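Residue-level structure breakdown
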Amino acid sequence: MPVEADLNRVEHELGDVEHALTRLDAGTYGTCEVCGSPIDDEILRAAPAARCCADHG
Ligand SMILES: [Zn+2]
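A few points on the structure.

Conventions we followed
- Residues numbered from 1 in each chain as written.
- Predicted model: local features only at pLDDT ≥ 70, side-chain atom pairs only at ≥ 80, totals over all residues.
- Heavy atoms only, no water.
- Donors = N, O, S within 2.8 Å, 3.2 Å for Na, K, Ca; no water.
- Tetrahedral: all angles 85-135°; square planar, octahedral: opposite > 155°, others 65-115°.
- Buried < 20%, exposed > 50% of the residue type's maximum accessible area, 1.4 Å probe, protein only.
- Helix = DSSP H or I, 4+ residues; strand = E, 2+ residues; numbered from the N terminus.

Time to look at the coordination of the zinc ion. Summarising the metal site, the zinc ion is bound by the protein donors Cys-32 (SG), Cys-35 (SG), Cys-53 (SG) and His-56 (ND1), whose distances to it range over 1.9 to 2.4 Å. Here the zinc ion is ringed by 4 donor atoms whose angles at the metal span 102 to 115°, and the overall shape comes out tetrahedral. Along the chain, the residues that donate to the zinc ion are spaced as C-x2-C-x17-C-x2-H. We classify Cys-53 as buried; its relative accessible area is 8%. Judged by its relative accessible area of 35%, His-56 falls in the partly exposed class.

Structure representation (structure tokens):
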């Protein structure tokens, strides 16, 4: 895999983590950005930066 693709992926993941940290500060971490309901613990464990619940992911 070209290094550029790898870097792009890491940059994308970093953006997700930063977004999650912003939501943590705002007190909205762990809730779906679409419907506002709590995201399942299972989903958050698998993807800590998840933005949406199972219905909207
Ligand atoms: Zn949802």
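Let us keep going from here.
On to the environment of Gly-57. With respect to the element layout, Gly-57 can be found in the segment after helix H2 (41–46). The class of Gly-57 is exposed, set by a relative accessible area of 90%. Along the chain, Gly-57 and Val-34 lie 23 residues apart, while their C-alpha atoms are 9.2 Å from each other.

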